[in-house]
Amino acid sequence: MTAPHGRAGTPADATPGDTVAKVVRQWRAVHPDLDTGPMEIIGRINRCAALLQQAEDAPLRRAGLSRPEFDLLGALRRTGHELTPGELARETFSSGAAVTKRLKQLTERGLVERRGDTRDRRVAHVRLTDTGRALVDGVLPEQLAYETAVLSGLDASDQGELAALLGRLLTLLEGRPGVLG
């Protein structure tokens, strides 16, 4: 007998150690009439995100950075120019208050500098210091090596397919803001 399939067309128990498969089997026992296909996808994405956050990115931790701090520094490095706190919030998918708090900490550590706008005193411009740039450039190869190790159980073809599918899902979600609220 084959395993039941959700809408996604994959068996709920395809991966024996997968905790989401167990949850899906339990829900199917309670509500056999419901399609648990979406749970198989969203549940796994959420579980993967939680486990990745739990690991807290070892290279970043060794450098004394949190992921959100690195994302902020990375946004300044990859764009190659000053950004306002509002632009940083958009680049890092963070709230303005969270960016303000991180900027204060990163400024105190000498990793970023702020300067006022000559035309509008309410606007600040943020840039990396030389120390901040060196930190990002030093940590990025280590972080990428860490992320490569995390994904090493998947071959290159699976990684490409997963990246493409997640990219399509992200594009759909970003294009439909009301669907998430």
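Notes on the structure follow. (Residues numbered from 1 in each chain as written. Predicted model: local features only at pLDDT ≥ 70, side-chain atom pairs only at ≥ 80, totals over all residues. Heavy atoms only, no water.)

**Here we look at the overall build of the protein**
Looking only at helices and strands, the protein has eight helices and two strands in total. Counting only residues that meet the buried cut, the protein has 25% of its 181 residues in that class. The contacts of the protein with a sequence gap of at least 6 include a subset with a gap of at least 24, amounting to 48%. Within the structure as shown, the protein displays about 12,100 Å² of accessible surface, and the carbon and sulfur contribution to it stands at 58%. (Helix = DSSP H or I, 4+ residues; strand = E, 2+ residues; numbered from the N terminus. Buried < 20%, exposed > 50% of the residue type's maximum accessible area, 1.4 Å probe, protein only. Contact = heavy atoms within 4.5 Å. Areas by Shrake-Rupley, 256 points an atom, 1.4 Å probe, with all protein chains shown as cover.)

**Regarding the side chain of glutamate 69**
Examined against the element boundaries, glutamate 69 turns out to sit in helix α4 (residues 67–79). Residues in contact with glutamate 69, not counting those within four places in the same chain, are Gly64, Arg102, Gln105, Leu106 and Arg109.

**What about the packing of helix α1 (residues 19–30) against helix α2 (residues 37–55)?**
Contact geometry of α1 with α2 gives a least axis separation of 9 Å together with a crossing angle of 145°. Regarding α1 and α2, the two cross each other, and that crossing is right-handed. Every residue of α2 that contacts α1 at Thr19, Val20, Ala21, Val23, Val24, Trp27 and Arg28 is listed here: Met39, Glu40, Gly43, Arg44 and Arg47. Counted by class, the contact of α1 with α2 contains six nonpolar, two polar and four charged residues. (Axes fitted to C-alpha atoms, helices over the stretch in contact; angles between N-to-C directions. Left-handed = near helix turned anticlockwise from the far one by under 90°. Nonpolar A, V, L, I, M, F, W, Y, C, P; charged D, E, K, R; others polar.)

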